[in-house]
Amino acid sequence: MSYNLLKGKKGIIFGALDENSIAWKTAERIHEEGGTFVLTNAPVAMRLGQIKQLAEKTGSEIIPADATSEEDLANLVSQSMEILGGKIDFVLHAIGMSINVRKGRSYTDEKYDFTTKGWDVSALSFHKVLQSLYKADAMNDWGSIVALTYMAAQRVFPDYNDMADNKAYLESVARSFGYFFGKEKNVRVNTISQSPTPTTAGQGVKGFDGFINYAEKMSPLGNATALECADYTVTLFSDLTKKVTMQNLFHDGGFSNTGVSKEVIEQFS
């Protein structure tokens, strides 16, 4: 069901890879709610994914950009404003990658070149995106910027590896830059801490299937799906949440505030 919550609003969506990705679902929901946007991803990710199908479905243009490159981001922001016909109302940062995870290296045996690259892609890129938008004065008043995170930033999930550190940094950037963006430009910056979700990236984490089943049994409302995360993101891009900023918002069916559930106790009784 559509409520026209984003009618007339324009934005940029980072990280739509395929129909399993949260960014992909969010793009579809924004389109349904009347919003228009530019899609962007790193050239290598675009070759692996199906972003062209999403662009055709939503009537959107694609601008390839490496989110770790200040030059690419500056070009992305200026081209997006040209294509969309003015300043931007919303931005979704849905980017994450750990080479240590991909290569099967444990947290106690990191290759630091891999760590640095993963941090740059997953976390520092958010600061670079925010700074590019800020310096270009690209955001409309009461605009909204959202990045996706995970609760491993607060609690230990051993197989999440160095991505936990990346997410902690990402959340800190949202708070720190959120202050300046709010104070000086009336723009809000938040992170959504989502349930474990079977995206292409998420399924690359060791033991993912077991953990997603555990989280389902722990969460009073069950795990939040990618589509439900897209719905939540739409509310944060809408004018209904104009005073919500610098927050890490848990969207996890109650998992983050549950010590133990009856189902988990029964499993071990």
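About the criteria used
- Residues numbered from 1 in each chain as written.
- Predicted model: local features only at pLDDT ≥ 70, side-chain atom pairs only at ≥ 80, totals over all residues.
- Heavy atoms only, no water.
- Helix = DSSP H or I, 4+ residues; strand = E, 2+ residues; numbered from the N terminus.
- Contact = heavy atoms within 4.5 Å.
- Polar contact = N/O pair within 3.5 Å; in protein donor to acceptor, adjacent residues only side chain to side chain.
- Axes fitted to C-alpha atoms, helices over the stretch in contact; angles between N-to-C directions.
- Parallel < 35°, antiparallel > 145°, perpendicular 65-115°, else oblique.
- Left-handed = near helix turned anticlockwise from the far one by under 90°.
- Phe/Tyr/Trp six-rings, centres within 6.5 Å; stacked < 30°, edge-to-face > 60°.
- Buried < 20%, exposed > 50% of the residue type's maximum accessible area, 1.4 Å probe, protein only.
- Pairing = 2+ DSSP bridges.
- Core = buried A, V, L, I, M, F, W, Y, C linked by side-chain atoms within 4.5 Å.

### A few points about the environment of Arg188
Here's step 1: Position of Arg188 relative to the elements: it lies in strand S6 (residues 188–194).
Here's step 2: Measuring from C-alpha to C-alpha, the distance between Arg188 and Met246 comes to 7.0 Å, with 58 residues separating the pair along the chain.
Here's step 3: Setting aside residues no more than four positions away along its own chain, Arg188 makes contact with Trp142, Gly143, Ser144, Ile145, Leu236, Phe237, Ser238, Asp239, Thr241, Lys242, Val244 and Thr245.
Here's step 4: Within the local environment of Arg188, its side chain forms a polar contact with the backbone oxygen of Leu236, the two atoms lying 2.9 Å apart.

### Examining the packing of helix H4 (residues 70–84) against helix H6 (residues 112–135)
Here's step 1: At their nearest, the axes of H4 and H6 sit 9 Å apart, and the two run at 45° to each other. Put simply, H4 runs oblique to H6. At the point where H4 passes H6, the crossing takes the right-handed sense. Taking contact as the criterion, the partners of Glu70, Leu73, Ala74 and Val77 in H4 are, on H6, Lys128, Val129, Gln131, Ser132 and Leu133.

### Quick word on the packing of aromatic side chains
Given two aromatic rings, one states the distance between the centres and the angle between the planes to describe the pair.
Here's step 1: Taken as a whole and judged by the stated rule, the model has 13 aromatic pairs.
Here's step 2: With centroids separated by 5.5 Å and ring planes inclined at 45°, the aromatic side chains of Tyr150 and Phe157 adopt a geometry described as tilted. Each of the two residues, Tyr150 as well as Phe157, counts as buried.
Here's step 3: Taking 6.2 Å as the distance between ring centres and 85° as the angle between the ring planes, the aromatic pair formed by Tyr214 and Phe255 counts as edge-to-face.

### Regarding the pairing of strand S4 (residues 88–93)
Here's step 1: In terms of residue burial, S4 counts as a mostly covered element, since six of its six residues are buried.
Here's step 2: One ladder, built from four bridges, connects strand S1 (residues 10–14) with S4; its direction is parallel. Across the sheet, Ile12 pairs through a bridge with Val91, a residue of S4.
Here's step 3: With five bridges connecting them, S4 and strand S5 (residues 139–149) associate as parallel partners. Residue pairing across strands places Phe90 opposite Ser144, the latter belonging to S5.

### Quick notes on the nonpolar core
Here's step 1: By size, the foremost hydrophobic cluster in this structure holds 32 residues, and its most contacted members are Phe14, Val91, Phe126, Leu133, Ile145 and Phe181.
Here's step 2: Elements with a minimum of two residues in this core: S1, H4, S4, H6, S5 and helix H7 (163–185).
Here's step 3: Considering every element that reaches this core, the biggest residue donor is H6, with six residues.
Here's step 4: Not counting residues within four places of it along the chain, the set of residues in contact with Phe126 comprises His93, Ile145, Ala147, Leu170, Val173, Ala174 and Val189.
Here's step 5: Grouped together as the second largest cluster of nonpolar side chains are 26 residues, Ala23, Leu39, Phe237 and Leu249 included.

### Focus on the sheet that holds S1
In any sheet, the strands associate via hydrogen bonds between backbone groups, in a parallel or an antiparallel arrangement.
Here's step 1: With respect to topology, seven strands assemble into an open sheet ordered S3-S2-S1-S4-S5-S6-S7, the strand pairing being parallel. The outermost strands of the open sheet, each flanked by one partner alone, are strand S3 (61–62) and strand S7 (248–251).
Here's step 2: Of the strands in this sheet, S1, strand S2 (36–40), S3 and S4 touch H4, which is tilted by about 150° from S2.
Here's step 3: The strands that H7 touches are S4, S5, S6 and S7; relative to S5, the one it contacts most, it runs at about 175°.

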